[in-house]
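Letter by letter, the chains look like this.
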Amino acid sequence: MGESHAHHQEPGFWGRYWFSVDHKVIGIQYSVTALLFLFFGFSLMMLMRWQLAFPGEALPLIGSLMGDSRMPGGIMLPEFYNQLGAMHGTIMVFLGVVPLAVGGFGNFVVPLQIGAPDMAFPRLNMMSYHLYFWGGVVMLASFFVPGGAAQSGWTSYPPLSNIAGSGQTWWVVGMLFLIMSSLLGAINFIVTIVQLRAPGLDFWKLPFFVWAQFVTSFLLLLAFPALQAAGLMQLMDRLAGTSFFMPEGLVVAGEVLANTGGGSPILWQHLFWFLAHPEVYVLILPALGIVGEVVANNTRKPLWGYKLLVYSVLFVGFMSFIVWAHHMFITGMGTMMSAFFQTTTMIISIPSVVILTCLLLSLWGGSIRFNTPMLFALAFLPMFGIGGLTGLPLGLASTDIHLHDTYYVIGHFHYVVAPGTIFALFAGVYYWYPKATGRYLSERLGRLHFWPSFIFMNGIFFPMLIQGMHGVQRRLFDGGEIYAHAQEVLHLNKVMSMSAWGLAIAQIPFIINFFLSLKRGASAPDNAWQATTLEWLAPSPPPHGNFAEVPTVYHAPYEYSVPGRADDFLPQFVPGETPSEA
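Residues numbered from 1 in each chain as written. Predicted model: local features only at pLDDT ≥ 70, side-chain atom pairs only at ≥ 80, totals over all residues. Heavy atoms only, no water.

### Observations regarding the overall build of the chain
- Scanning the chain from N- to C-terminus turns up 17 helices and two strands.
- Compactness check: the chain gives a C-alpha radius of gyration of 24 Å against a globular reference of 25 Å for 582 residues, within 12% of the reference.
- Principal-axis analysis of the C-alpha atoms places the extent of the chain at approximately 80 × 60 × 50 Å.
- Going through the 582 residues of the chain one by one, you find that 57% of them count as buried.
- Carbon and sulfur atoms make up 70% of the accessible area of the chain, which amounts to about 23,400 Å² in all. (Helix = DSSP H or I, 4+ residues; strand = E, 2+ residues; numbered from the N terminus. Rg over C-alpha atoms; globule rule 2.2 N^0.38 Å. Buried < 20%, exposed > 50% of the residue type's maximum accessible area, 1.4 Å probe, protein only. Areas by Shrake-Rupley, 256 points an atom, 1.4 Å probe, with all protein chains shown as cover.)

This is the structure:
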């Protein structure tokens, strides 16, 4: 036995990093890859913002580098603008935010928070990342195929997407890779949380972040197969001559298409939104989980209404499957169905308000530490509130008729996802970075990152709500310049574009901080924030297997400011009785 250990070889670079089955390495792989995709998707948006602010004008410096097929003389073609729009939405949602929230934070944090040595299926975990990575590569490669990338919007509505160029085929293939990745990851998370919890860790002692990831995994598992089926059908329409989504008698360029008959473009919308509305909560729930962890830690008191939060998350997960058609009020579904989806949409807003209220009440009477993670978590609360409130008019058929497909919709959705979810993800990066690396991120650079980001985020998205109320349509190549009713709010295009470029500059301190702190950051102890949950028992960074011995859980997840204790926190893994347990 000893001899075999003596000849045991450590895995090389590829085995340790690229083909690793360690959940922490895979979590970091997801996080770094997703951040790179977010940067790329954000770059596409900055190109679009030039065209919207200065339609028809040549883009200095880099415009001529894009080639005559995209920007002849540095002036953007409408087809290229559509490619940027479709790929920006796809990359930010499916390659950026979701993989960072679930694949990154979920993989790294969940096994540590439940006291597990790894995920239940480590090789499945590795496969999940590789499917995600190669799906992203296929998506990005589509920019270089004849005709360019997909240009039918991130929703890829037929029949336009069925007759689009070859880039759309690459989009569908890439999406099928991403769907398989999410399905494998969802199965892994569910089994891990159910089966691998540490002794004493019953469901009512799980951290709120674990509950959020648990419900998110069920959303992915149950909703993504609908889009997988739709993607396969669209692929068949494009490559095999079927007509799942092709209506009869479709005329393109004066000719009736041969492979049409009996298909329904509306079917795609149903299948897409059956996934894409739960997908909104796939974006939001991990963010809420992160904010809950950061708020509890930095108020030094338990989360207000922990069980209420859990029940609300479970209810949101259930309700998210019966609200999808509020995206489709103008398809002529009939007043009875409209009334049903209006009602369910109003109902699902209730648990969302409950969650936000619980997090706000958690601040009351707290001894708040205003560090960088807390600043991002606090900013998330009003931004998510604005995102939710602006969604209510879109959930009512009568007001949605006027607001549908306007910039109001973009402003609403981005308030949920950008200054909302992405701020929560930044809070998570600053909060768990010491656990992943053993070093703190710089507080000074963190504040330099936060305040301009907060200002510029609102500078981008609040004017969209104003433009939308004035009836300015989304996806307009010139930003509404040709429409008389857009003239009085057209100047806001420049405000939004300047804010977008300012937001890009505001990320420079974060990038410097992220890499510089790997070597020069202040050393962090194992329990960097004097927190109570199990991940802070592991060394920083955690070794293979995470814990020297299997931890035992004794307490609820947020025992802060316990009366009669010298410290203001009682970790889950430390024996002792609290007044509530006595």
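### What to know about unusual backbone geometry
- Note the cis peptide between Pro-158 and Pro-159, where omega equals 0°.
- Its location among the elements puts Pro-159 in the loop between helix 5 (122-141) and helix 6 (160-163).
- Between Ser-540 and the following residue, Pro-541, the backbone shows a cis peptide bond with an omega angle of -5°.
- Here Pro-541 is to be found in the segment after helix 17 (508-520).
- Although it is not a glycine, Arg-300 sits at a positive phi angle of roughly 60°.
- Of note, Asn-546 is a non-glycine position whose phi angle comes to about 75°, a positive value.
- Along the chain, Asn-546 falls in the segment after helix 17.

### Some thoughts on the side chain of Gln-168
- The residue Gln-168 is located in helix 7 (residues 167-195) in this model.
- Once residues within four sequence positions are removed from consideration, Gln-168 is found in contact with Ala-150, Gln-151, Ser-152, Ser-156, Ser-161, Gln-234 and Arg-238. (Contact = heavy atoms within 4.5 Å.)

### Details of the packing of aromatic side chains
- Counted according to the given criterion, the structure contains 54 aromatic pairs.
- A centroid spacing of 5.2 Å and a plane angle of 65° characterise the contact between Trp-324 and Phe-341, whose relative ring orientation is edge-to-face. Of this pair, Trp-324 sits in the loop between helix 10 (306-319) and helix 11 (335-361) while Phe-341 sits in helix 11, and the two are 17 residues apart along the sequence. The residues Trp-324 and Phe-341 share a single accessibility class, namely buried.
- With centroids separated by 5.5 Å and ring planes inclined at 75°, the aromatic side chains of Tyr-440 and Trp-529 adopt a geometry described as edge-to-face. With Tyr-440 in the loop between helix 14 (407-437) and helix 15 (443-469) and Trp-529 in the segment after helix 17, this residue pair connects regions lying 89 residues apart in the sequence.
- A network of ring pairs unites the aromatic residues Phe-376, Phe-423, Phe-426, Tyr-430, Tyr-433, Phe-450, Trp-451, Phe-454, Phe-510, Phe-514 and Phe-515 as a single cluster. (Phe/Tyr/Trp six-rings, centres within 6.5 Å; stacked < 30°, edge-to-face > 60°.)

### As for the packing of helix 4 (residues 78-113) against helix 8 (residues 208-239)
- Contact geometry for helix 4 and helix 8: axes closest at 10 Å, N-to-C directions at 130°. By the angle class used here, helix 4 and helix 8 are oblique. For helix 4 against helix 8, the interelement crossing comes out left-handed. Between helix 4 and helix 8, the residues in contact are Phe-94, Ala-101, Val-102, Phe-105, Gly-106, Val-109, Val-110 and Gln-113 and Phe-209, Val-210, Gln-213, Thr-216, Leu-220 and Phe-224, respectively.
- Of the residues in the contact of helix 4 with helix 8, the class split is 10 nonpolar, four polar and no charged. (Axes fitted to C-alpha atoms, helices over the stretch in contact; angles between N-to-C directions. Parallel < 35°, antiparallel > 145°, perpendicular 65-115°, else oblique. Left-handed = near helix turned anticlockwise from the far one by under 90°. Nonpolar A, V, L, I, M, F, W, Y, C, P; charged D, E, K, R; others polar.)

### A few points about a nonpolar patch on the surface
- On the surface, a cluster of nonpolar side chains totalling about 500 Å² of accessible area is made up of Phe-13, Trp-14, Tyr-17 and Phe-19.
- Position of Phe-19 relative to the elements: it lies in the loop between helix 2 (13-18) and helix 3 (23-53). (Patch = residues over 30% accessible without salt bridge, like charges linked within 9 Å, V, L, I, M, F, W, Y side chains within 5 Å. Salt bridge = Lys/Arg side-chain N within 4 Å of Asp/Glu carboxyl O.)

### Side note on the side chain of Asn-493
- By secondary structure assignment, the location of Asn-493 is in helix 16 (residues 492-506).
- In contact with Asn-493, not counting residues within four places along its chain, are Arg-49, Leu-52, Ala-53, Gln-467 and Gly-479.

### A few points about the pattern of salt bridges
- Going through the model one piece at a time under the given rule, you end up with four salt bridges.
- Among the salt bridges present, the one from Asp-568 reaches Arg-300, with a minimum N-O distance of 2.9 Å. Of this pair, Asp-568 sits in the segment after helix 17 while Arg-300 sits in the loop between helix 9 (265-299) and helix 10, and the two are 268 residues apart along the sequence.
- Overall, Arg-300 belongs to the buried group, its relative accessible area being 5%.

### Notes on helix 11
- If you check helix 11, its first and last C-alpha atoms are 39 Å apart, about what 27 residues at 1.5 Å a residue would give, namely 39 Å.
- Where helix 11 is concerned, the buried positions are Ser-338, Phe-341, Gln-342, Thr-344, Thr-345, Ile-348, Pro-351, Ser-352, Ile-355, Leu-356, Cys-358 and Leu-359.
- In this structure, the buried residues of helix 11 make contact with helix 9, helix 10, helix 12 (372-391) and helix 13 (397-403). (Expected span 1.5 Å × (residues − 1).)

### Overview of the environment of Arg-70
- Examined against the element boundaries, Arg-70 turns out to sit in the loop between helix 3 and helix 4.
- A sequence separation of 13 residues divides Arg-70 from Gln-83, and the C-alpha atoms of the two residues are 9.6 Å apart.
- For Arg-70, the contacting residues outside a window of four places in its chain are Ile-75, Met-76, Leu-77, Phe-80, Phe-143 and Phe-144.

### Focus: the nonpolar core
- Ranked by size, the top nonpolar core spans 181 residues in total, and within it Met-87, Leu-227, Leu-285 and Leu-288 carry the most contacts.
- Beyond its immediate chain neighbours, meaning those up to four positions away, Leu-227 contacts Met-175, Ile-179, Trp-268, Leu-271, Phe-272 and Leu-275. (Core = buried A, V, L, I, M, F, W, Y, C linked by side-chain atoms within 4.5 Å.)

### Observations regarding the packing of helix 14 against helix 15
- Running from N to C, helix 14 and helix 15 cross one another at 165°; their axes reach a closest spacing of 7 Å. By the angle class used here, helix 14 and helix 15 are roughly antiparallel. In this structure, the crossing between helix 14 and helix 15 has a hand that is left-handed.
- A class-by-class count of the residues in the contact of helix 14 with helix 15 yields 17 nonpolar, nine polar and no charged.

### Some details on the confidence of the model for the chain
- In this model, the chain carries an average pLDDT of 93, and 97% of its residues clear a pLDDT of 70 or more.
- Low pLDDT (under 50) marks residues 1-8, which in the prediction has zero contacts with non-local residues, meaning those over four places away or in another chain. (pLDDT = per-residue confidence, 0-100.)

### Some thoughts on the environment of Gly-148
- Its location among the elements puts Gly-148 in the loop between helix 5 and helix 6.
- Gly-148 sits in the buried class, given a relative accessible area of 9%.
- Spatially, the C-alpha atoms of Gly-148 and Gln-83 are 7.3 Å apart, while their sequence positions differ by 65 residues.
- For Gly-148, the residues in contact, after removing those within four places along its chain, are Gln-83, Ser-142, Phe-143 and Gly-167.

### What to know about helix 5
- Between its first and last C-alpha atoms helix 5 spans 29 Å; for 20 residues at 1.5 Å apiece the expected length is 28 Å, and the two agree.
- For helix 5, the full list of buried residues reads Asn-125, Ser-128, Tyr-129, His-130, Leu-131, Tyr-132, Gly-135, Gly-136, Val-138 and Met-139.
- The secondary structure elements touched by the buried residues of helix 5 are helix 2, helix 3, helix 4 and helix 7.

### With respect to the environment of Ala-101
- Residue placement: Ala-101 occurs in helix 4.
- Of the residues examined, Ala-101 reaches a relative accessible area of 0% and is grouped as buried.
- Beyond its immediate chain neighbours, meaning those up to four positions away, Ala-101 contacts Gly-106, Gln-213, Pro-286 and Leu-425.

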